[in-house]
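Report on the structure
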Amino acid sequence: MPVIELSYSRLQKLIGKVSKKQISDSLPFLGLDIESEDKDLVRVEYSPNRPDYSTDFGIALGLQGLFGIKTGPIKLNVKKSNKYLISVKSNVSRIRPFVTGIVAKNGKIDDKTIKQLMTMQEDLHFGIGRKRKKSSIGIHDLDKISFPLVYTTTNRNHKFIPLNSEKELNISEILDTTDVGKDYGSLLGQSSQVPIILDEDQNTVSFPPIINAAVTTVTTKTKNLFVEVTGLNKDDAEDMLSVVATVLQSAGFTLESVKITGAKNSSPKLQYRKMTVNSSLINQILGLNLSSSKIISSLKKSRLDASSKGTNIICTIPAYRFDIFGPMDLVEEVALGYGIQNLEPTISPSQTIGKTNPVSLKLKSLDQTMIGLGYLEALNSSLTSKRVLYDMTNRDSTKLLSVLDSKSREHTILRDSILPGLLENLSRNIHESYPQKMFETGTVFATENPISEKISFSGISAHKDANFTEIKSIIQSALNIGFGIKIETKTATDSTFEEGHCASIMLNNIPIGIIGKIDSKIIENYKIRVPVVGFEISLSDSVLKN
Amino acid sequence: MSQVFHDIEKKIITSLRDNPKQSPESLEKSTQLSPDQIRRGIEWLKLKDLAIVFESKSSVISLGKNGIESFEKELPERRLLNLLKDGPKKLSDLQKELGFVFGPSIGLARKNNWVDFSSNEISIKNPPSELPGEKTLKLIGIEKLSKDKIDSADLSGLLKRPDFIVEDVIKTKEISLSDAAKSIKISDSVGGIDVEAKVPEVFVARTHPLKDTIDEIREIFVTLGFSEILGNITQSSFWNFDALFTPQDHPARELQDTFYLDRINAKKIGTPEQIRKVSESHKKNWRYQWDINEARKMVLRTHTTCVTIKHLAENKPDEARIFSLGRVFRNEKVSYKHLVEFNQIEGVVVGKDASLKNLMGIQREFYKRIGITKIKFWPTFFPYTEPSLQTMVYNEKLGKWIELFGMGIFRPEVTKPLGITQPVLAWGGGIERIAMLKYDLGDVREFYNNNLGWLRSAKKCQ
């Protein structure tokens, strides 16, 4: 989840009369987790479904609501203007079909505001923009651009001076040499044409979704901004624009509209939505009995607007709250506005009778039996390594089941057997006193339609007198006493076990497992200095079989 | 009161009462016990503060190779003087008779002025009746002798000669009784044992400590009216993500967070109706082209919620309390606080009366039963629940609030496409975190190390 750094003193200026403590106590109730605090600075984690919390401007709006300083929705005041026009050429439709934009004037931009806007841009790109694939933003100095603009395509030899560069580069050079080019170039595929925004004088404004032109760089001297958002989908682009517009208005800018025409594009509406929720749903879900007026005031504290009609609550939702899908989201808004801390937990008597799963009961009974036989329970990961599962124990690895791109080399293969893990455990305990007797039950995996999962049970005994008879007695008693199952052993060979000391465990003439003395080479591989005997049986094929 | 002693102890005490200071060797003789019995007996008495062992170091002198030769044939210079007893002799004759000690013996006799040289003959002059070192040589003989019993002036000359004298440092022990032992009454009872003595440690066989916590948590939810269901660890992306309203381009679905199985896809992922309705919900709400092949990809489940949602979709109960418990996976770097594989419990309450306040109540009751009373709830976000909360519990030892279970009400976007009509409260979280608090562990990896030292000593905590 994204993290943003805030300053208490800056928040206090934005919110109004509140103390630092009031702010820090209330942040969690907006859904913001405090990561760390250092004097005036606080780092909070916010949920990616609330991109408006990617700046302190957005967080201040939320806190104002909770404190009751300013409630109700944030209205976007967009002044209609005919000065700013973007015409879209149809050649962009196959690459990045949509563009939208807005103009923000007469704002004060200090270093901190620039920093907030930049983190907002990055977070929006990463989250709702899906790493710029779905939508991406360019923020420019309006006064460096001469309208009208054209959103079109160009070839890879097209040259301009990109942001943070001093010389002209062509598109291919930008994609090959700059960090953003390398990170996001793949979004453009192999196409010879790439999207570009040009101004009236054919100067490059932006090369979406990669980089802006250097000429439009925003500095502390910038007064007026031009924001463009491009994307694969018109609604996604406008959603992103609505967040930026809301934040810029809160930062003190005056908004003016941008007119967009051509190739299925149109000017952004940034309109309110209406959504109805029944107050009985709200009260049922929250377990409360709130009046319509209390519901409405709670929604207002969540910076929405609402009115009632009978038992229905008609809610007005600003464009930037596109995280609200349906009535249930409004229930949450009521809960947040009402205050989660004001909800008193209640326990209602259960109408159901609880039951442990029969499989869990049988496994627990097996645990008790094995403990009675003097065996200690071990727990190993089921995602383990080729070394443990196959290399150290000479087992056949042709059917191994591996996961993709594991970050840990010790966890790459799903186990098809438990015994190798127990042998690995013995090797890590050679300095501990003997006898060492351990068992484990757990899931093992095999490729079969596409994957079969079975519950397996393995035990080992290691000490100077360990022998076949001992371990056979153990499994025989465990199954007989525990489950009334009588097994037999039939001579077998297996790479894990020593020849002449290995048998299949048979139940009604069907093999359900293997037992024997562990091969001396494996014991040597693991530097274990005493003989080891062990077994493994499939519980799914025996004890747990219906 | 008299005290019961082992026979060995009795004999040692009795012998020391007769002869208060003895070496172990002397005790062997007086008690007729073996050296090993004496050693053990002394050790036991020492532990009971009944015997005092005084250890000292001393030097012991014995003769080396040349010393023994001189002890047997006399000192080289004495041999020279003996040859000259009957009158002067020629150097060449002496050389023949004395062999390789000729040089050193002549040198010494001349230096001490015991002989006279005239032309090529040597005659006796005026030697003392006992030469330096002769007394010591005889005293030591073939024995080992404590250094303090030897005249150090007489020894000094011999020490300078090569291989004459060997000096060893040896430790000697002197055993005596403590004051308490002197007056203690020895019981006459035969065959009694020392019931106060220390005994060897044995190790209990036991269930794994983490398993104990898992069983405890399972038990609590069963008594709260929940029934346990089981499900597969390997799941199609459809049930792990799509059915839970997690869009296919969501960051959590990327390879770097989730384990995908190499080249394995599910053949059947759900009923045609389930697939159609889930995909429609995604297309409408998330606005993208839903791809069934993406939903077929097999993953190691990232939560047990996939098991409960599948159960609800298949059974569509009007009223139910169920939970699922088991291993879940995240593609993370393993560290003291992160594992790639851990246990999660996740449960749901279905019913027309199910409410957020009930859900909070169930959580509060659960925490109370595992001994956590200081809790609070904060809002949070999960893709498949709305509203969503997380429990914060206060840990006294760490002095801070820790995030434990998450919870919420399944979104209609999750339940509706699957034909679930009643509200579903859901909650869940990792079990290792709770077990770490219980066992006071700072490193979560310890649960899976199977380190016998820890497993054999960790306290059962209930």
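As the structure is a prediction and not an experimental result, all values here were calculated from the model.

**Focus: the overall build of chain A**
- What chain A contains, in helices and strands, is 15 helices and 29 strands.
- Radius of gyration (C-alpha) of chain A: 33 Å, far over the 24 Å computed for a compact globule of 546 residues.
- With the C-alpha coordinates aligned to their principal axes, the bounding extent of chain A is approximately 95 × 65 × 45 Å.
- Buried positions account for 45% of the 546 residues belonging to chain A.
- For chain A, contacts bridging at least 24 residues in sequence account for 71% of all contacts bridging at least 6.

**Focus: the overall build of chain B**
- Across its full length, chain B carries 20 helices and 18 strands.
- Whereas a compact globule of 462 residues would reach a radius of gyration of roughly 23 Å, chain B reaches 46 Å, over 25% beyond that.
- Across its three principal axes, chain B shows a C-alpha extent of roughly 135 × 70 × 40 Å.
- Looking at chain B residue by residue over its 462 residues, the buried ones come to 38%.
- Taking all contacts inside chain B whose residues are at least 6 apart in sequence as the whole, residues at least 24 apart take part in 70%.

**Looking at the nonpolar core**
- Core analysis: the largest hydrophobic core is formed by 145 residues, its most contacted members being Val-331, Val-334, Ile-475, Ile-505 and Val-532 of chain A together with Val-424 and Leu-425 of chain B.
- Top element by residues in this core is helix H10 (residues 327-338) of chain A. It accounts for 7 residues.
- Not counting residues up to four positions away in its chain, the partners in contact with Val-331 of chain A are Val-277, Leu-281, Ile-282, Ile-285 and Leu-286 of chain A together with Pro-387 of chain B.

**Some points on the domain arrangement of chain B**
- You can read the domains of chain B as domain 1 (2-50 + 178-186), domain 2 (63-169) and domain 3 (209-457).
- Computed over C-alpha atoms only, the centres of domain 1 of chain B and domain 2 of chain B are separated by 49 Å.

**Things to note about helix H3 (residues 35-47) of chain B**
All names here are of chain B.
- Given a rise of 1.5 Å per residue, 13 residues ought to cover 18 Å, and the 19 Å separating the end C-alpha atoms of H3 matches this to within 8%.
- Turning to H3, its buried residues are Ile-38, Gly-41, Ile-42 and Leu-45. Down the axis, H3 shows its buried residues gathered within 100 degrees of arc, on one side only. Facing away from the buried side of H3 by over 90 degrees, the exposed positions are Asp-36 and Glu-43.
- Next to the buried residues of H3 lie helix H1 (7-18), helix H2 (24-31), strand E2 (51-63) and strand E7 (165-177).

**Description of unusual backbone geometry**
Residue and element names in this part refer to chain A.
- In this structure, the amide linkage connecting Pro-208 to the following residue, Pro-209, adopts the cis form with an omega of -5 degrees.
- Note that Pro-209 resides in the loop between strand E12 (204-207) and strand E13 (211-212).
- Of note, the bond from Asn-449 into Pro-450 is cis; its omega dihedral lies within 30 degrees of zero at -10 degrees.
- The residue Arg-132 is not glycine, and still its phi comes out positive at about 70 degrees.
- At Asn-164, a residue that is not glycine, the phi angle is positive and equals roughly 65 degrees.
- The topology assignment puts Asn-164 in the loop between strand E9 (159-160) and strand E10 (169-170).

**Observations concerning the domain arrangement of chain A**
- Under the domain assignment, chain A is made up of domain 1 (3-67), domain 2 (78-261), domain 3 (273-340) and domain 4 (358-538).
- Taking the mean C-alpha position of each, domain 1 of chain A and domain 4 of chain A sit 54 Å from one another.

**Points about the interface of chain B and chain A**
- Counting residues at the interface gives 77 residues for chain B and 70 residues for chain A.
- In terms of residues, the side of chain B that touches chain A owes the most to one element, helix H16 (residues 356-369) of chain B, which gives 8 residues.
- Residue classes in the side of chain B that touches chain A are distributed as 37 nonpolar, 18 polar and 22 charged.

**Side note on the sheet that holds strand E3 (residues 89-90) of chain B**
Residues and elements named next belong to chain B.
- Overall, antiparallel pairing links the 3 strands, which are arranged E3-E5-E4 in an open sheet. Strands with a single pairing partner mark the edges of an open sheet, and in this sheet they are E3 and strand E4 (115-118).
- Across 4 bridges, E4 lies against strand E5 (residues 121-124) in antiparallel orientation. Across the sheet, the residue bridging to Phe-117 is Ile-122, located in E5.

**What about helix H4 (residues 111-126) of chain A?**
Residue and element names in this part refer to chain A.
- Between its first and last C-alpha, H4 extends 23 Å over 16 residues, near the 22 Å set by a 1.5 Å rise per residue.
- Among all positions in H4, only Thr-113, Gln-116, Leu-117, Met-120, Gln-121, Asp-123, Leu-124 and His-125 are buried.
- Residues of H4 that are buried in the fold lie against helix H3 (56-67), strand E7 (135-141) and helix H7 (234-250).

**Structural notes on the pairing of strand E11 (residues 193-198) of chain A**
Residues and elements named next belong to chain A.
- Of the pairings in the sheet, the one linking strand E8 (residues 149-155) to E11 comprises 6 bridges and is antiparallel in character. By the bridge assignment for E11, Thr-153 is matched with Pro-195.
- As paired elements, E11 and E12 share 2 bridges and run antiparallel to each other. Its bridge partner lying in E12, Leu-198 is registered against Thr-204.
- If you look at the hairpin formed by E11 and E12, you'll find 5 residues sitting between the two strands, and Gln-202 has a positive phi there, around 70 degrees.

**Side note on the packing of H1 of chain B against H2 of chain B**
Residue and element names in this part refer to chain B.
- Between H1 and H2, whose axes approach to 10 Å, the crossing angle comes to 105 degrees. By the angle between their axes, H1 is roughly perpendicular relative to H2. Contact residues: Lys-11, Ile-12 and Ser-15 in H1; Leu-27, Ser-30 and Thr-31 in H2.
- In terms of residue class, the contact of H1 with H2 is made up of 2 nonpolar, 3 polar and 1 charged.

**Overview of the sheet that holds strand E20 (residues 376-377) of chain A**
Residue and element names in this part refer to chain A.
- The strand order across the open sheet formed by 7 strands is E20-E24-E25-E29-E28-E27-E26, and the pairing between neighbours is mixed. Pairing within the sheet leaves two strands with one partner each, and these edge strands are E20 and strand E26 (488-491).
- Sheet analysis places E26 next to strand E27 (residues 497-507), joined by 4 bridges and oriented antiparallel. By the bridge assignment for E27, Lys-490 is matched with Ser-504.

**So, the packing of helix H11 (residues 209-223) of chain B against helix H18 (residues 432-439) of chain B**
Residues and elements named next belong to chain B.
- With their axes 10 Å apart at the nearest point, H11 and H18 run at an angle of 115 degrees to one another. Compared by their axis directions, H11 and H18 come out roughly perpendicular. When the axes of H11 and H18 are compared, the crossing they make is right-handed. Counting all contacts with H11, which are made through Pro-209, Leu-210 and Thr-213, the residues of H18 involved are Glu-432, Ile-434, Ala-435, Lys-438 and Tyr-439.
- Tallied by class, the residues present in the contact of H11 with H18 amount to 5 nonpolar, 1 polar and 2 charged.

Cut-offs used in this document
Residues numbered from 1 in each chain as written. Chains lettered and ligands numbered in written order. Predicted model: local features only at pLDDT ≥ 70, side-chain atom pairs only at ≥ 80, totals over all residues. Helix = DSSP H or I, 4+ residues; strand = E, 2+ residues; numbered from the N terminus. Rg over C-alpha atoms; globule rule 2.2 N^0.38 Å. Buried ≥ 20, exposed ≤ 12 C-beta atoms within 10 Å, placed from the backbone. Contact = placed C-beta atoms within 7 Å. Core = buried A, V, L, I, M, F, W, Y, C linked by C-beta atoms within 7 Å. Domains from an automatic or database assignment. Expected span 1.5 Å × (residues − 1). Arc of directions from axis to C-beta. Nonpolar A, V, L, I, M, F, W, Y, C, P; charged D, E, K, R; others polar. Pairing = 2+ DSSP bridges. Axes fitted to C-alpha atoms, helices over the stretch in contact; angles between N-to-C directions. Parallel < 35°, antiparallel > 145°, perpendicular 65-115°, else oblique. Left-handed = near helix turned anticlockwise from the far one by under 90°.

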